[in-house]
Amino acid sequence: MSLGDSATPLGKVRGLGSAGEGGEHWLSERVTSIALLLLGTWLIASLILLPGLDQHTLVEWLRAPSGAVPMVLLVIVGFRHALDGMKVVVDDYVHDEGNRFACNLILLFLAVGGAALALFALASIAFGGAA
Amino acid sequence: MESTKSRPLSPHLTVWRWGPHMLVSILHRVTGGALSIAGLAVLTWWLVAIADGPDAYVKFADLARSPIGLVVLVGLTWAFFQHLLSGMRHLVMDTGAGFELDTNKRFAILTIVGSIALTVLLWAYMLGAVK
């Protein structure tokens, strides 16, 4: 704040955003959004084209690489995009620095934990014995 | 630059007249939050249920077909399409295009019309085909 009148308007506001940083985060949100455009369309198209939605059909679908690989990507990219987006919401609405750090930490743990659980389920489907 | 004078707060919902662009903007955040929490929870639950075997999956499928389950799934489907279309609008606006008042308003309305139409189409198909 002691930059005085010599600071440019940009110099006065730089670093005063809600997060104080974020170029990479901004880009990550966009790149994952484009990936999810493809993966989300794939998921909906798959659900429409599958002969049925019973457990046996779904296991066959997710055991083959054509089903397993996009679904693994959907889980990883989906949780990453959700984490990116929820961080923006937290940074906007949680003003106290300590609370903001705690909220972002909880979000990170939830996202990584949820993704790990979903990936473990996919691994059991793909590599598990006859179900 | 009189940057110390009081400036309007950004989401000043009480003083600005509501328009489609405001509705779509807040819907983008609300649907993003819903998809992050409920959407990923249901996706993970679904994958775990498939991995757990036919009996566990029947329980999941029965719950999904119940009235509450259908409300949640149809709601998440709409949230997905709304967030997807609105996200595409944001990607276009990220390039600096689409800010003309008429164009901006038209695309904001189109995301809502599109998301409702896609949700109705998908569920008309799903309920017709699965049953």
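Located above this text is the structure these notes cover.
Parameters and conventions
Residues numbered from 1 in each chain as written. Chains lettered and ligands numbered in written order. Predicted model: local features only at pLDDT ≥ 70, side-chain atom pairs only at ≥ 80, totals over all residues. Heavy atoms only, no water. Helix = DSSP H or I, 4+ residues; strand = E, 2+ residues; numbered from the N terminus. Buried < 20%, exposed > 50% of the residue type's maximum accessible area, 1.4 Å probe, protein only. Contact = heavy atoms within 4.5 Å. Areas by Shrake-Rupley, 256 points an atom, 1.4 Å probe, with all protein chains shown as cover. Expected span 1.5 Å × (residues − 1). Bend = angle between axes of the 7 residues up to and from the residue. Axes fitted to C-alpha atoms, helices over the stretch in contact; angles between N-to-C directions. Nonpolar A, V, L, I, M, F, W, Y, C, P; charged D, E, K, R; others polar. Phe/Tyr/Trp six-rings, centres within 6.5 Å; stacked < 30°, edge-to-face > 60°. Patch = residues over 30% accessible without salt bridge, like charges linked within 9 Å, V, L, I, M, F, W, Y side chains within 5 Å. Salt bridge = Lys/Arg side-chain N within 4 Å of Asp/Glu carboxyl O.

## Some details on the overall build of chain B
Helix and strand counts for chain B stand at four helices and zero strands. Listing each helix as α and each strand as β along chain B from the N terminus yields α-α-α-α. When each of the 131 residues of chain B is scored for burial, the buried share is 35%. A fraction of 71% describes how many contacts in chain B between residues 6 or more apart in sequence connect residues 24 or more apart. Only carbon and sulfur atoms are counted for the fraction: they give 71% of the accessible area of chain B, which is about 8,400 Å².

## Topic: helix α1 (residues 20-52) of chain B
All names here are of chain B. Here α1 spans 44 Å end to end across 33 residues, near enough to the 48 Å set by a 1.5 Å rise per residue. Within α1, the axis deviates most sharply at L35, by approximately 35°. Count one or two residues on from α1 and you reach G53, which has phi positive near 110°.

## Let's talk about the packing of α1 of chain B against helix α2 (residues 54-65) of chain B
All names here are of chain B. The N-to-C vectors of α1 and α2 enclose an angle of 145°; their axes lie 7 Å apart at closest approach. Where α1 abuts α2, its residues V42, W45, W46, A49, I50 and D52 lie against A56, Y57, F60 and L63. Residues that form the contact of α1 with α2 fall into these classes: nine nonpolar, no polar and one charged.

## Brief notes about the packing of aromatic side chains
A complete count under the given rule lists five aromatic pairs over all chains for this structure. On the numbers, 5.5 Å between centres and 65° between planes, the contact of F80 of chain B with F81 of chain B is edge-to-face. Grouping aromatic residues by their ring pairs yields a cluster made of W42 and W61 of chain A together with W46 of chain B.

## Some thoughts on a nonpolar patch on the surface
Taken together, the side chains of Y93 of chain A together with W18, L23, I26 and V30 of chain B define a hydrophobic patch exposed on the protein surface, amounting to about 480 Å² of accessible area. Per-element accounting of the nonpolar patch gives the leading share, three residues, to α1 of chain B. With respect to the element layout, L23 of chain B can be found in helix α1.

## Comments concerning the pattern of salt bridges
Residue and element names in this part refer to chain A. Scanning the entire structure with this criterion turns up five salt bridges over all chains. Between K87 and D91 there is a salt bridge, and its shortest N-O distance comes to 3.0 Å. Taken together, the residues span about one helical turn, with K87 and D91 both in helix α4 (residues 65-93) at a distance of four residues. The exposure class of K87 is partly exposed, given its relative accessible area of 22%. Its relative accessible area of 7% is what places D91 among the buried residues.

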